[in-house]
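Given next are the chains, with one letter for each unit.
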Amino acid sequence: MIQISSDVLAMTSEAVILAQAGRLEFANSAAREILGADCEGKMLKDLFEPDIANSQVSSFIADTTVKGMRCMVRVSKQKNMQAMFITRSDAESVEVNDAFIYALRSSLMMQSMSLELTRVRAEEQGDEEMLENVAALTQSYYRLTRLVSNISIAREMVSGGISFTPTELDLVSLCRACVENVQLYCREPSVTFTAMPTMPITADGTLVNQLLLNLVSNSLIHGKDCTRVSVSLIDAGESVIISVFDDGCGIEGDELYTVFTRYKHEFNMAGLGGGAGLGLTVARGIAEKHGGTLLLESRPDRGTTVRVSLKKKLPVKKLMHSDEKNYEADTDDVLVALSDYLPKSCYRNGCAEPIKSLRKIKAPN
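This one's a predicted model, so the numbers in the text were calculated from it and none came from an experiment.

A. Representation of the environment of Leu 342 within the structure. Here Leu 342 lies in the loop between α10 (331-337) and β14 (359-362). When its relative accessible area of 3% is taken as the criterion, Leu 342 is described as buried. Other than its neighbours up to four places away in sequence, Leu 342 contacts Gln 139, Tyr 185, Leu 335 and Tyr 347.

B. Structural detail: the environment of Gln 139. Mapping Gln 139 onto the fold places it in helix α5 (residues 128-159). Relative accessible area serves as the criterion here: at 8%, Gln 139 is assigned to the buried category. Remark: the alpha-carbon pair of Gln 139 and Cys 346, spanning 207 residues in sequence, is separated by 8.3 Å. Not counting the four nearest positions on each side in its chain, Gln 139 is found in contact with Ser 339, Leu 342, Pro 343, Lys 344 and Tyr 347.

C. Seen up close, the pairing of strand β11 (residues 294-299). In terms of burial, β11 is a largely internal element, five of the six residues being buried. The antiparallel hairpin formed by β11 and strand β12 (residues 303-311) contains three residues in its connecting segment, where Asp 301 sits at a positive phi of about 70°.

D. Expanded view of the packing of helix α6 (residues 171-185) against helix α7 (residues 205-222). Interhelical geometry of α6 versus α7 gives an angle of 45° and a closest axis separation of 10 Å. Put simply, α6 runs oblique to α7. The crossing of α6 and α7 is right-handed. On α7, the residues touching Leu 171, Leu 174, Cys 175, Cys 178 and Val 182 of α6 are Gly 205, Val 208, Asn 209, Leu 212, Leu 213 and Val 216. In the contact of α6 with α7, the residues fall into nine nonpolar, two polar and no charged.

Here is what the cut-offs are and how they apply
Residues numbered from 1 in each chain as written. Predicted model: local features only at pLDDT ≥ 70, side-chain atom pairs only at ≥ 80, totals over all residues. Heavy atoms only, no water. Helix = DSSP H or I, 4+ residues; strand = E, 2+ residues; numbered from the N terminus. Buried < 20%, exposed > 50% of the residue type's maximum accessible area, 1.4 Å probe, protein only. Contact = heavy atoms within 4.5 Å. Pairing = 2+ DSSP bridges. Axes fitted to C-alpha atoms, helices over the stretch in contact; angles between N-to-C directions. Parallel < 35°, antiparallel > 145°, perpendicular 65-115°, else oblique. Left-handed = near helix turned anticlockwise from the far one by under 90°. Nonpolar A, V, L, I, M, F, W, Y, C, P; charged D, E, K, R; others polar.

What follows is the structure in structure tokens.
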């Protein structure tokens, strides 16, 4: 079987390797250019990140670094043989400068204050039509806030200047608070969370919260006919895996290859309500900042699963701690992250003072 497959794959220009029992048995010329002329016979764990080399999933796609190069890796397993297709990715390019981001944030601040004043006046006058218009404008405000936030983080990822302040916290409490805040606004489809009692970890709570909200938002927006979104934590030894599954429509093969670069491709009016396509890119960058990897598995009509690994202990010289050693989960984050999904009725309370549900996430003893 390997001989037949290798003869066929040797003729393709795409980098392809075949492996058995974790060992690279065949690499075509394109793959040897990436992995090295002597790659055949080596163990996959010596060539790829552990999350990719050790994955038990039958097929998935991941955007990762291979031999110092950004690559898209597609994996397919059949019986005891594993095929891996490797495509070099172009360097990310987000042509946005600080002045642009500052101008957008300043405009959003003025919009927020104006909306709050208008909302108060409409409530005083009992003007329901004006309140409906204010709710629609408030939702647009949150959509713009999410877009600016994702653009800002994507730009920081490219420049290497992303703000990163890891603390000691309980990942279970953080994820549970995040999901419970989503549940306040999203009754259908159901969003559930399962995990072990605690999971001490060194992480940037704000970034992990955004990562999780981005993944849940993607499931709700793009998982057509989805009836449930399941969030779970898996202990993987030195790492912990955040898994987000939805039982929606899944992703077709051609679309699967562009999930990390959707914002680069031609604009489609059919996807007008689905955001700008930066959510997964930002989530991947946050995972990498925590020493992990993002893997996406999807099957048409069977759903999509995204697994993000995070190192439990990061090699930082000095941990940053807040005085109270806690992280506050806020429903305002949910209103931003799910602004492309929630109905405008969720924004009737205004953008300046949304319904709050603060929960303290204490650091483990």
